Amino acid sequence: MTFDLSADLEERHRQHRYRQPQIMESPCGRHAVVNGQRYLNFCSNDYLGLANDPEVIAAFQNAAGEWGVGSGASHLVCGHQRPHQDLEEALAAHTGRERALLFSTGYMANLGVMTALLGKADAVFEDRLNHASLLDGGLLSGARFRRFAHNDADALNRLLQRSEARRKLVVVDGVFSMDGDEAPLAALADVCEHNGACLMVDDAHGLGVLDEKGRGSLFAQGVNERTQILMGTLGKGLGTGGAFVAGSAELIETLIQFARTYIYTTAMPAAVAAATQVSLAKARRESHRREKLATLIARFRDGARQLGLTLMGSTTPIQPILVGSDEQALALSQALREQGLLVTAIRPPTVPEGQARLRVTLSAAHDTADVDALLAALSQYQETD
Ligand code: PMP
C-alpha cells in the first residue's frame, strides 16, 4: 500500500513552508548562477572564501589522482587512509587537543557523540536555539532531555542543580547558526564545573572564523581547557566538507568503539581530507581573510543600522535581519533576488514562530562594493515598504 502523502504536502504549501532546492549552476563563491541569472551570493557558509581556493582545489585534484575518488569502506574496515590520519592529527594540533576523529558530516558527528556517551541514566542539557543535529542527538541518546533559555547560564544552573543523572552533558553551539550570536562559554563552563557536568561545544560556525588563528570560539573566549568535547565542521569556514570531534585520547577511543555514525558509514573521500589539510593550514596562517571579513561585517552592520533594520546583535559573519512573518521574509528575499542578490529567508520550524528572517552571511570572498550593493537594495525595500 502507498501512503497518502498529498495532505502533508498541501499543508506545507498552505503554511508557506514548502521548500525546494534551487539548482546552482556555478561553484559556491562570491557569485552564484541560478536559472541562467548571476547573483551576488549572501547565503553560503564559506566564510573564508576557501571553497574555491586554487591551492585547496589543487590539493583535492592531486589527492584524487593518488587515492582515487572513494575511500571504499568505513574507517574501521579499510577506509581510513593516510590523508585521514594526517588530517586528524592536524585538527588535534590546531585545536590544542590530544586527539581528533573525522566524521562524514557534522550532523553525524553530533548524533555519534551523544549516543555514544549517553543512555537512560544520563541527562543532556541543551540551549533552546541549538542546531537540529544537537537536538536530534540528545533525543536519540535516550538520556533525559532538557532545554534551557537561550544563552542563560543561570537557567542552566537551576536545571543542573535539580538533576541526579549519572552523567550530565551540557551542549551548545559556539556560534548559533540562525542568530549568529555566541554562547557565553566562560559562564557555561563555570556552571558545568560547579555541577559536575561535561561541556560540549558545536563550533561549526566559529572554526576558522574566530580567534586570531581561526581556532574558533573556545580560543576566542579562552575556555579551551574547560571544554571537554569540541565538534567542528569542515564544510563552512574550512571550505570542504565533513566534520570532526576533538578531545582527550579517552574520549576519542570511546567514540571509535561506540559512535555508530562513525562505525557504520563510509569514510569521507581521502581527497576531501587532503584538501582540508591545505585549507586548515591556510585558515590558520592567512589572517588577512579574517581581517577582511571583520571589515565587511562592520560595514554591513553600520549600514543596516542606519537603514533602521533589525539586526540580532551578532558580530559574526552570520548577520540575520529580523523580519517577523514568513510571507514578509519571503517577499523581501524575492525582492532582493530581482535585484541580483541571493539572500535566504529562514522560516519556522528552523527558527521560532514569528521570527522569520533574512539570513545574510558574509564571506572574505566578498568585496566592500558587494556589501554596499546589498545595503542599497535593502534601502529601496525600506522606502517602498
Ligand atoms: N552544527 C551546526 C551548528 C550547523 O550549523 C550545522 C550545519 N548546518 C551542522 C552542525 C551540521 O554540519 P554538516 O553540514 O557538516 O552536517
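Reading the values: rules and limits
Residues numbered from 1 in each chain as written. Predicted model: local features only at pLDDT ≥ 70, side-chain atom pairs only at ≥ 80, totals over all residues. Pairing = 2+ DSSP bridges. Helix = DSSP H or I, 4+ residues; strand = E, 2+ residues; numbered from the N terminus. Axes fitted to C-alpha atoms, helices over the stretch in contact; angles between N-to-C directions. Contact = placed C-beta atoms within 7 Å. UniProt positions renumbered as here; feature names shortened; annotations may be inferred. Parallel < 35°, antiparallel > 145°, perpendicular 65-115°, else oblique. Left-handed = near helix turned anticlockwise from the far one by under 90°. Nonpolar A, V, L, I, M, F, W, Y, C, P; charged D, E, K, R; others polar. Near = placed C-beta within 6 Å. pLDDT = per-residue confidence, 0-100. Buried ≥ 20, exposed ≤ 12 C-beta atoms within 10 Å, placed from the backbone. Domains from an automatic or database assignment. Expected span 1.5 Å × (residues − 1).

As a further point, take the sheet that holds strand β5 (residues 144-148). The strand order across the open sheet built from seven strands is β3-β9-β8-β7-β6-β4-β5, with neighbouring strands paired in mixed fashion. Across the chains shown, the open sheet's two edge strands, defined by having one partner strand only, are β3 (99-103) and β5. Strand-to-strand, the axes of this sheet are offset by a mean angle of 20°, without reference to chain direction. Across five bridges, strand β4 (residues 123-127) lies against β5 in parallel orientation. The residue of β5 that forms the bridge with Ala123 is Arg144. Contacts from helix α4 (residues 82-94) reach β3 and β9 (243-247), with the element oriented near 130° to β3. Helix α7 (residues 153-162) rests against β4, β5 and β6 (168-173) of the sheet, and its axis sits at about 155° to β5.

This paragraph deals with the UniProt feature "binding site: substrate" (unreviewed entry) in the chain. Per the UniProt record, the feature "binding site: substrate" (unreviewed entry) sits at Arg19, His131 and Thr350. On the secondary structure map, Arg19 appears in the loop between α1 (6-14) and β1 (31-34).

Attention now moves to the packing of helix α5 (residues 106-117) against helix α6 (residues 132-141). The geometry of α5 relative to α6 is characterised by a closest axis approach of 8 Å and an angle of 30° between their N-to-C directions. Between α5 and α6, the crossing angle belongs to the class labelled roughly parallel. Two packed elements cross with a definite hand, and for α5 against α6 that hand is right-handed. Each of Gly106, Tyr107, Asn110, Leu111, Val113, Met114 and Thr115 in α5 lies in contact with α6, whose residues at this interface are Ser133, Leu134, Asp136, Gly137, Gly138, Leu140 and Ser141. Of the residues contributing to the contact of α5 with α6, the split by class is six nonpolar, seven polar and one charged.

Turning our attention to the sheet that holds strand β13 (residues 356-361). Spatially, the three strands line up as an open sheet ordered β10-β13-β12, and their pairing is antiparallel. The outermost strands of the open sheet, each flanked by one partner alone, are β10 (318-324) and β12 (344-346). Each strand of the sheet is rotated relative to its neighbour by a mean of 30°, with strand direction disregarded. Note: β10 against β13, six bridges, orientation antiparallel. In the sheet register, Pro320 faces β13, and the bridge partner there is Arg359. Strands β10, β12 and β13 of the sheet are contacted by helix α14 (residues 326-338), whose axis makes an angle of about 35° with β13.

So, on to the site of the ligand. Within the structure, the ligand sits among 14 residues, and Thr105, Gly106, His131, Ser177 and Ala204 are positioned closest to it. Among the elements that take part in the shell around the ligand, α5 stands out by supplying three residues, more than any other. Grouping the constituent residues of the shell around the ligand by class yields three nonpolar, nine polar and two charged.

Now for the confidence of the model for the chain. For any part of a model where pLDDT is low, the fine detail of the predicted coordinates should not be relied upon. Per-residue confidence for the chain averages 96 on the pLDDT scale, and 99% of its residues sit at or above 70. Overall fold confidence (pTM) sits at 0.96, and the ipTM for the predicted complex is 0.99.

Another point: the pairing of strand β8 (residues 229-233). Buried residues dominate β8, accounting for five of its five residues. Residues Ile229, Met231 and Thr233 point to one face of β8 and Leu230 and Gly232 to the other, with burial holding for every one of them. Bridge count for strand β7 (residues 198-202) against β8 is three bridges, and the pairing is parallel. In the strand pairing of β8, Val201 is matched with Leu230. When β8 meets β9, the two strands line up antiparallel, connected through four bridges. Bridging from a neighbouring strand, Leu230 pairs with Ala246 of β9.

Further remarks concern the domain arrangement of the chain. The domains assigned to the chain are domain 1 (22-48 + 287-384) and domain 2 (54-285). Placing the centre of domain 1 and that of domain 2 at their C-alpha centroids yields a distance of 27 Å. Taken together, the elements giving at least two residues each to the side of domain 1 that touches domain 2 come down to α13 (287-306) and β10. Counting residues per element, the side of domain 1 that touches domain 2 draws most heavily on β10, which supplies three residues. Here the side of domain 1 that touches domain 2 is built from residues that sort into eight nonpolar, seven polar and three charged.

For α4, built from 13 residues, the straight-helix expectation of 18 Å at 1.5 Å per residue is met to within 8% by its first-to-last C-alpha distance of 18 Å. The elements touched by buried residues of α4 are α2 (54-67), β3, β9 and α12 (270-285).

The sites that carry the UniProt feature "modified residue: N6-(pyridoxal phosphate)lysine" (unreviewed entry) are, in the present numbering, Lys236. Note on placement: Lys236 falls in the loop between β8 and β9. The exposure class assigned to Lys236 is buried, which follows from the 29 C-beta atoms found within 10 Å. Those residues in contact with Lys236, other than ones at most four positions away along the chain, are Asn45, Tyr47, Ala204 and His205.

This brings us to the environment of His205. Looking at where His205 falls in the secondary structure, it is placed in the loop between β7 and α9 (217-220). The exposure class assigned to His205 is buried, which follows from the 28 C-beta atoms found within 10 Å. Along the primary structure His205 and Gly180 are separated by 25 residues, whereas in three dimensions their C-alpha atoms are 8.4 Å apart. Among all residues touching His205, those that are not within four sequence positions of it are Val175, Ser177, Lys236, Thr316 and Ile318.

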